[in-house]
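Chains, contacts and geometry: an overview
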Amino acid sequence: MLTHASLQLGLFLLALLALIKPAGHYMRLAMEGRPPLLGRPGRWLERRLYRLAAVDPEQEMAWKSYAINLLLFQTGRHRVPLPASALASLAAAQSASLRQRRSRLRFQH
């Protein structure tokens, strides 16, 4: 058992070391605003993914929206970052759902 765990750890560390240089290069290009790695085909794919996720790449995310999305992602509640307008409707829907549950509980007792 110890041999398998050591082998797995060794393979993980080798993969991590192999990815340091390409990941650093990608991050440098992304921070400079240049098209990373795939260039034009990558931008096509990125635009499609943004459209699929209903994300506006030109709009920055506010810190409150980021924090809520981070918490929702950590709890596994949704898979796509939500814009601020969707967060407001989500909060309204959750409060309506809570009111319905409370009213059902009142009628049951």
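Right, let's walk through the structure included here. (Residues numbered from 1 in each chain as written. Predicted model: local features only at pLDDT ≥ 70, side-chain atom pairs only at ≥ 80, totals over all residues. Heavy atoms only, no water.)

**Overview of helix 3 (residues 63-75)**
Taking 1.5 Å of rise per residue, 13 residues should cover 18 Å, and helix 3 covers 18 Å from first to last C-alpha, within 8% of that figure. Three or more residues of helix 3 are buried, namely Ser65, Asn69 and Leu72. Down the axis of helix 3, the buried side of the element spans an arc of 65 degrees, and every buried residue falls inside it. Exposed side chains of helix 3 directed beyond 90 degrees from the buried face belong to Trp63, Lys64, Tyr66, Leu71, Gln74 and Thr75. (Helix = DSSP H or I, 4+ residues; strand = E, 2+ residues; numbered from the N terminus. Expected span 1.5 Å × (residues − 1). Buried < 20%, exposed > 50% of the residue type's maximum accessible area, 1.4 Å probe, protein only. Arc of directions from axis to C-beta.)

**Section: helix 1 (residues 2-32)**
In this model helix 1 runs 44 Å from its N-terminal to its C-terminal C-alpha over 31 residues, within 8% of the 45 Å that 1.5 Å per residue would give. Along helix 1, the helix axis deviates most sharply at Ile20, where the bend reaches about 40 degrees; the proline Pro22 sits within four residues downstream. Counting buried residues in helix 1 gives 1 out of 31 residues, a small share hidden from the surface. Positioned one or two residues after helix 1, Gly33 has a phi angle of 80 degrees, which is positive. (Bend = angle between axes of the 7 residues up to and from the residue.)

**Quick look at a positive patch on the surface**
A contiguous patch of positive charge on the surface is contributed by Arg40, Arg43, Arg47, Arg48 and Arg51. Positionally, Arg51 belongs in helix 2 (residues 40-53). Arg51 gets classed as exposed once you look at its relative accessible area, which sits at 60%. (Patch = residues over 30% accessible without salt bridge, like charges linked within 9 Å, V, L, I, M, F, W, Y side chains within 5 Å. Areas by Shrake-Rupley, 256 points an atom, 1.4 Å probe, with all protein chains shown as cover. Salt bridge = Lys/Arg side-chain N within 4 Å of Asp/Glu carboxyl O. Lys, Arg positive; Asp, Glu negative; His and termini not counted. Charge placed at Lys NZ, Arg CZ, Asp CG, Glu CD.)

**What to know about the side chain of Asn69**
Following the sequence through the fold, Asn69 ends up in helix 3. Of the residues examined, Asn69 reaches a relative accessible area of 6% and is grouped as buried. Only 2.8 Å separates the side chain of Asn69 from the backbone oxygen of Ser65, close enough to count as a polar contact. (Polar contact = N/O pair within 3.5 Å; in protein donor to acceptor, adjacent residues only side chain to side chain.)

**Here's the deal with a nonpolar patch on the surface**
A cluster of nonpolar side chains, Leu7, Leu11, Leu14, Leu17 and Ile20, forms an exposed patch at the surface whose accessible area comes to about 540 Å². Summarising the element assignment, Leu7 is placed in helix 1. Using a relative accessible area of 53% as the deciding quantity, one classes Leu7 as exposed.

In short, shape yes, function no, at least from these values alone.
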